[in-house]
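Inside the fold
The primary structure of each chain is shown beneath.
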Amino acid sequence: GSVAGSAGSYFVSSFGGHDCDGDDEREGEHLPWEQMSPRVYRNLDEIFAGEYEGMRYEDIKALAPDEASLRARDKIGYRYPRGESYFDIIVRLDPLIHEMESYTEPLLIVSHQAVLRLLYSYRYPRG
């Protein structure tokens, strides 16, 4: 996979009148589709790989095996040269997580693997 980021990350605050967890009290009732405008949030962008932005992990490993080794040993704490670590993403996501917690309607989040992995771990922590 690539470590390149994108400016296309966003979430939609509501879609339809349907409860995403399947516990919709109005089951069987046809609910109208509500088209919502997406909101673009830069803090949902993928991890910034700094000097290696836009490169594949295989390319980084070939170009800088020491960096690849450091990342393999500490994936959450490793910070790309002039880039970000997972800890940096957590700090970047914190205000958005608090905002999302205030919503009562379902959310559709479109983002990238590292960001979604962190949002998922926040929402569904291990025991």
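Structure: see above.
Below is a short write-up of the structure. (Residues numbered from 1 in each chain as written. Predicted model: local features only at pLDDT ≥ 70, side-chain atom pairs only at ≥ 80, totals over all residues. Heavy atoms only, no water.)

What to know about the nonpolar core
For the record, the criterion: Among the buried residues, those of types Ala, Val, Leu, Ile, Met, Phe, Trp, Tyr and Cys that are joined through side-chain atoms within 4.5 Å form a nonpolar core. For every residue, the accessible area (1.4 Å probe, protein chains only) is compared with the maximum for its type, and the residue is labelled buried under 20%, exposed over 50%, or partly exposed between those bounds. Helix and strand assignments come from DSSP, with helices taken as H or I runs of at least 4 residues and strands as E runs of at least 2, each series counted from the N terminus.
In terms of nonpolar packing, the biggest core is built from 20 residues, with Leu 44, Tyr 52, Tyr 80, Ile 89, Leu 93 and Leu 119 touching the most fellow members. Where this core is concerned, the elements lending two or more residues are helix H3 (86-101) and helix H4 (113-123). The biggest single contributor to this core is H3, with six residues.

Some words on a nonpolar patch on the surface
Stated formally: Surface patches are defined over residues having more than 30% relative accessible area and no salt bridge, joining like charges when they lie within 9 Å and nonpolar side chains (Val, Leu, Ile, Met, Phe, Trp, Tyr) when within 5 Å. In this description, accessible areas are obtained by the Shrake-Rupley approach with a 1.4 Å probe, and a residue is regarded as covered only by the protein chains that are shown. For this analysis, a salt bridge means a side-chain nitrogen from Lys or Arg found within 4 Å of a carboxyl oxygen belonging to Asp or Glu.
A cluster of nonpolar residues, Ile 76, Phe 87 and Ile 90, forms a patch on the protein surface that exposes about 260 Å² of accessible area. Looking at where Ile 90 falls in the secondary structure, it is placed in helix H3.

Examining the pattern of salt bridges
Here the structure, examined in full by the defined rule, presents five salt bridges. Taking the shortest distance from any N to any O, the salt bridge between Arg 56 and Asp 59 comes out at 3.3 Å. On the accessibility criterion, Asp 59 (30% relative accessible area) is partly exposed. Of the charged contacts in the structure, one is a salt bridge between Asp 88 and Arg 79, with a shortest N-O distance of 2.7 Å.

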